[in-house]
Amino acid sequence: MAEDLGDRLEALGRELGGREAAHAEGLAAARARAGELREQLESAFERFRSAAADAGSAHLEPQVSAVRIDDKHLRSWQLELSRGRHRAIVTVKSRGEVTLVGPFKTGKNEGPCRSFPLASSDEFEAALSSFVVSFLEDAATP
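Notes on the structure follow. None of the values given here were measured: they were computed from a predicted structure.

Conventions we followed
- Numbers given to residues run from 1 along each chain, matching the order in which its sequence is written.
- For this predicted model, a pLDDT threshold of at least 70 governs which residues receive local features, and a threshold of 80 or more governs which side-chain atom pairs are given and counted, while totals over whole chains, interfaces and linings are taken from all residues.
- As a rule here, side-chain values come from all non-hydrogen atoms in the structure, and water together with hydrogens is ignored.
- Residues enter a patch when their relative accessible area is above 30% and they make no salt bridge; the linking distance is 9 Å between like charges and 5 Å between nonpolar side chains (Val, Leu, Ile, Met, Phe, Trp, Tyr).
- In short, Shrake-Rupley with a 1.4 Å probe defines the accessible areas, and a residue's cover is counted only from the protein chains shown.
- By salt bridge we mean one thing: a side-chain nitrogen of Lys or Arg within 4 Å of a carboxyl oxygen of Asp or Glu.
- Labels follow the DSSP assignment, with helices taken as runs of H or I lasting at least four residues and strands as runs of E lasting at least two, numbered in each case from the N terminus.
- Each residue is placed in one exposure class: buried if its accessible area under a 1.4 Å probe, protein chains only, is under 20% of its type's maximum, exposed if it is over 50%, and partly exposed if it falls in between.
- Pairs of N or O atoms within 3.5 Å make up the polar contacts considered here, provided that, within protein, one atom can donate a hydrogen while the other can accept it, and that residues adjacent in sequence are counted only when both atoms are side-chain atoms.
- Contacts are residue-level and defined by heavy atoms, with any inter-residue pair within 4.5 Å sufficient.
- For Phe, Tyr and Trp, rings pair up if their centres lie within 6.5 Å, where Trp contributes its six-membered ring, and each pair is then called stacked (planes under 30 degrees apart), edge-to-face (over 60) or tilted (otherwise).
- Comment: the charge-over-ring label is applied if NZ (Lys) or CZ (Arg) is within 6 Å of the ring centre and within 35 degrees of the ring normal.
- Only buried residues count toward a nonpolar core. Its members are Ala, Val, Leu, Ile, Met, Phe, Trp, Tyr and Cys residues joined through side-chain atoms within 4.5 Å.
- Two strands form a pair only when DSSP identifies at least two bridges running between them.

### Some points on a nonpolar patch on the surface
- Side chains of Leu5, Leu9, Leu12 and Leu16 sit close together on the surface and give an oily, nonpolar patch of about 360 Å² of accessible area.
- Mapped onto the elements of the fold, Leu16 is located in helix α1 (residues 5-20).

### A short note on the side chain of Glu80
- Tracing the sequence through the fold places Glu80 in strand β3 (residues 76-83).
- You can call Glu80 buried: its relative accessible area is 19%.
- Here Arg87 takes part through its side chain, which lies 3.0 Å from a polar atom of the side chain of Glu80.
- When near neighbours in sequence (up to four residues on either side) are disregarded, Glu80 contacts Gln63, Val64, Ser65, Arg68, Arg87, Ala88 and Ile89.

### A closer look at the packing of aromatic side chains
- Taken as a whole, this structure holds two aromatic pairs when the rule is applied.
- Aromatic pair Phe45 and Phe135: ring centres 6.3 Å apart, planes at 10 degrees, arrangement stacked. Here Phe135 lies in helix α3 (residues 122-139) and Phe45 lies in helix α2 (residues 24-54), a separation of 90 residues in the sequence. Both residues of the pair, Phe45 and Phe135, count as buried.
- Judged by centre distance (5.5 Å) and plane angle (65 degrees), the rings of Phe116 and Phe124 are edge-to-face. Assigned by exposure class, Phe116 and Phe124 land together as buried.
- Of note, Arg31 hangs over the ring of Trp77, and the distance from its end group to the ring centre comes to 5.5 Å.

### Some words on the nonpolar core
- Counting 25 residues, the largest nonpolar core has Leu81, Val90 and Leu100 as the members making the most contacts within it.
- Looking at this core, the elements that each hand over two or more residues are α2, β3, β4 (86-93), β5 (97-105) and α3.
- If you tally residues by element for this core, the top one is α3, at eight residues.
- Leaving out residues up to four positions away in the same chain, Leu81 has contacts with Leu41, Phe45, Gln63, Val64, His86, Arg87, Ala88, Phe131, Val132 and Phe135.

### Side note on the pairing of β3
- Among the eight residues of β3, seven are classified as buried, and the element is accordingly described as predominantly covered.
- As defined by bridge partners, strand β1 (residues 63-64) adjoins β3 across two bridges and the pair is classed as antiparallel. By the bridge assignment for β3, Gln63 is matched with Ser82.
- Here strand β2 (residues 68-69) pairs with β3 via two bridges, running antiparallel. Opposite Arg68, over in β3, you have Gln78 as the bridge partner.
- Where β2 folds back on β3, the antiparallel hairpin that results is connected by six residues.
- The sheet contact formed by β3 and β4 spans eight bridges and is antiparallel. The residue bridging Glu80 from the neighbouring strand is Ile89, located in β4.
- Between the antiparallel neighbours β3 and β4 lie two residues, among them Gly84 with a positive phi of about 60 degrees.

Quick look at the structure:
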């Protein structure tokens, strides 16, 4: 008799869950850092939106997504910056690094990418600032 699908998937869940448990601490640290970065970016975007609206351009509305498991890396978290077809991705990896991807347009190749140690540093803060400015300039160019 064929094995029940539910039983088989339950066993697989135990097996894969056990394997991934070794990465729980790094993944939790990465999730915390991704949450901090999301708050920082949302606050900065709110200031951008307000300044753009005050200047007469309320239609410039970039968004920051919720933090979620990364689309490409199982042991990483991501958040996405978006405005129209323009995207940029911040990936926080459990191995202790943050990667800034883009900016790019959906339907186009992602890139360029730059990676930094997970711990916040002056180099990363400067790169994040340049990354976001580049994204917003690209996203606001007709």
